[in-house]
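Structural overview
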Amino acid sequence: MAFIHRTTMNPGKLDLVAAWLPAQPWYAGEEPELAKAGGFRLDDPEGEVGIEFMVVTDTSAGRPVPYQVPVTYRGAPLDGAEAALIGTTEHGVLGTRWVYDGTRDAVLTGRLLALLHGRAVPQAQSESDTVDPTVHSRFMGDDIPESAVVETVRSGMYGTDVLLTDPVGGGSWTLRVVRALRGDAEEAKGDAGPLHGEVTALWAPPGAEPARARFAEVRASTGA
C-alpha cells in the first residue's frame, strides 16, 4: 500500500491543476478558483507510479462546481505522453515529480479497470495504508478481458472516454471518467451504450456534507 509523505510540493497540486484546467473541453468555468473536495487513491503493484483520483471545486462562476482530475505521479517523464503532462513539481522527499492526466496513463487505466472488477482496493487519499470503504464499485456482465487494449482516448464536454478493444476475442467498451461530477443515479449524457460498470465515491466542498457521485463508468460500445 502507498505511503503518504507529510511534506511539501512546489508548485502545489491546486496550482498545477488551475493552470491546466482552462484548456480542457469539459471545463465550464472562467479563471479557476479551486479548493480540495475529496478523492481516493489506488496502488500501483509495481510501486513506481502514484495514482490519485482528485476532486476539486471551482467557484469562478459562482456556485461550487466539482471536477474530477485523476492524476499520476512519476519519477521520470512518461514516453510519448507530452500532451498529457499537467506539470512538474518538486516533492519535499521524492524530488522532481512529473504529474500527468491519469486518463492517458496506462497504469491508472489498468488499476481503474482492476477496481471495477474487484481486483484492486481503494485507498484513502491522505492516509498511508488505509482502505477507503466509501468508494464503491460494481461490474455487471462479462469481465473486460486482460487482452483488451486502449484504442483511443478522447475528452469532450461530458468527460474523458477511453475506448477499449479486444483484438483476441473481439468486443469494445467505453471507459468514461466523469469530469463535472453529478449524482451517482443520474444517467450519462452524450452517446452511451448499456451500463456495464461504475465507480462511485464521495466528494464535499469545504464545510459541506459529503455527496456521492459517479466517478467512472463502463459502457459496451455498439456491437460489443
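Everything discussed here concerns the structure shown above.
Below is a short write-up of the structure. All residue numbers here refer to positions counted from 1 along the written sequence of the relevant chain. Reporting of local features is limited, given that this is a predicted model, to residues whose pLDDT is at least 70; pairs of side-chain atoms are given and counted only at 80 or more, and all residues count toward the totals for whole chains, interfaces and linings. Hydrogens and water are ignored here; the side-chain numbers use all heavy atoms of the structure.

**Remarks on the sheet that holds strand β11 (residues 172-178)**
Note the cut-off: Strand pairing is assigned whenever DSSP identifies at least 2 bridges connecting the two strands. In this description a helix means any DSSP run of H or I spanning at least four residues, a strand means any run of E spanning at least two, and both kinds are numbered starting from the N terminus. Orientation is described by lines fitted to C-alpha atoms, with helices fitted over the stretch in contact, and by angles between N-to-C directions that extend from 0 to 180 degrees.
Reading across the sheet, the six strands line up as β8-β12-β13-β11-β10-β9 and stay open at both edges, with antiparallel pairing between neighbours. Edge strands, defined here as strands with exactly one partner in the open sheet, are β8 (136-139) and β9 (149-156). Across the sheet, the mean angle from the axis of one strand to that of its neighbour is 15°, orientation sign disregarded. As judged from the four bridges shared by β8 and strand β12 (residues 195-203), these two strands associate in the antiparallel manner. Across the sheet, Arg-138 pairs through a bridge with Glu-198, a residue of β12.

**Let's talk about empty space enclosed by the protein**
Keep this limit in mind: Lining residues are defined by having an atom within 4 Å of a point belonging to a cavity or pocket. Those points lie on a 1 Å grid over the protein atoms alone, cavities being sets where a 1.4 Å probe fits but cannot get out and pockets being open sets with protein on both sides within 12 Å along at least five of seven lines. Grid points are joined across faces, edges and corners, and a volume is the space filled by probe spheres set on the points. Only Asp, Glu, Lys and Arg are considered charged in this grouping, and only Ala, Val, Leu, Ile, Met, Phe, Trp, Tyr, Cys and Pro are considered nonpolar; every other residue, Gly among them, is considered polar.
Taken as a whole and assessed by the stated rule, the structure comprises one cavity of 30 Å³ or more. Lining the largest cavity, in full, are Lys-13, Leu-16, Val-17, Met-54, Val-71, Tyr-73, Ile-86 and Val-99. For the lining of the largest cavity, the secondary structure elements donating two or more residues are α1 (13-20) and β4 (65-74). At three residues, α1 tops the list of elements feeding residues into the lining of the largest cavity. Per-class residue counts for the lining of the largest cavity are seven nonpolar, no polar and one charged.

**Some words on the packing of aromatic side chains**
As a reminder, the rule being used: Each Phe, Tyr or Trp ring, with Trp reduced to its six-membered ring, pairs with another whose centre is within 6.5 Å; inter-plane angles below 30 degrees give stacked pairs, above 60 give edge-to-face pairs, and intermediate values give tilted ones. A simple rule labels every residue: compare its accessible area, found with a 1.4 Å probe on the protein chains alone, to the largest value its type can have, and call it buried under 20%, exposed over 50%, or partly exposed in between.
In total, this model carries five aromatic pairs according to the counting rule given. For the pair Phe-40 and Phe-53, a centre-to-centre distance of 4.7 Å together with 10° between the ring planes defines the contact as stacked. A residue pair is termed long-range when its members are at least 10 positions apart, and Phe-40 in strand β2 (residues 34-42) and Phe-53 in strand β3 (residues 50-58) qualify at 13 residues. The two residues Phe-40 and Phe-53 agree in class, both being buried.

**Looking at the pairing of strand β5 (residues 85-91)**
Sheet topology note: the strand β1 (residues 9-10)/β5 ladder contains two bridges and is antiparallel. Following the sheet pairing, Asn-10 is matched in β5 by Glu-90. Both β5 and strand β6 (residues 95-101) contribute to a ladder of six bridges, which runs antiparallel. The residue of β6 that forms the bridge with Thr-88 is Trp-98.

**A short note on the sheet that holds β1**
We apply this condition: The contact criterion used throughout is that any non-hydrogen atoms of two residues lie within 4.5 Å.
What the seven strands build is an open sheet, ordered β1-β5-β6-β4-β3-β2-β7; its pairing is antiparallel. Each having just a single partner strand, β1 and β7 (123-124) make up the two edges of the open sheet. Alignment of β3 against β4, held across nine bridges, turns out to be antiparallel. Across the sheet, Glu-52 pairs through a bridge with Val-71, a residue of β4. Of the strands in this sheet, β2, β3 and β4 touch helix α2 (residues 106-116), which is tilted by about 85° from β3.

**A short note on the pattern of salt bridges**
Counted only if it meets this: Any Lys or Arg side-chain nitrogen found within 4 Å of a carboxyl oxygen on Asp or Glu counts as a salt bridge.
In the structure shown here, the tally under the stated rule is twelve salt bridges. The salt bridge involving Arg-119 is made with Asp-143; its shortest N-O contact spans 4.0 Å. Taken together, the positions of Arg-119 in the loop between α2 and β7 and Asp-143 in the loop between β8 and β9 put the pair 24 residues apart, joining distant regions of the chain. Between Arg-138 and Glu-198 there is a salt bridge; the shortest N-O distance is 2.8 Å. Of the two residues, Arg-138 sits in strand β8 while Glu-198 sits in strand β12, which places them 60 residues apart along the sequence. On the basis of relative accessibility, which here comes to 42%, the residue Arg-138 falls in the partly exposed class.

**Some remarks on the pairing of β3**
With respect to burial, β3 is a largely interior element, nine of its nine residues being buried. What you see with β3 is no split at all: Gly-50, Glu-52, Met-54, Val-56 and Asp-58 on one side and Ile-51, Phe-53, Val-55 and Thr-57 on the other are buried throughout. Relative to β3, β2 runs antiparallel, the two being bridged by seven bridges. Pairing of Leu-42 across the sheet is with Ile-51, part of β3. Hairpin connection from β3 to β4: six residues lie between these consecutive antiparallel strands, with Gly-62 at a positive phi of about 115°.

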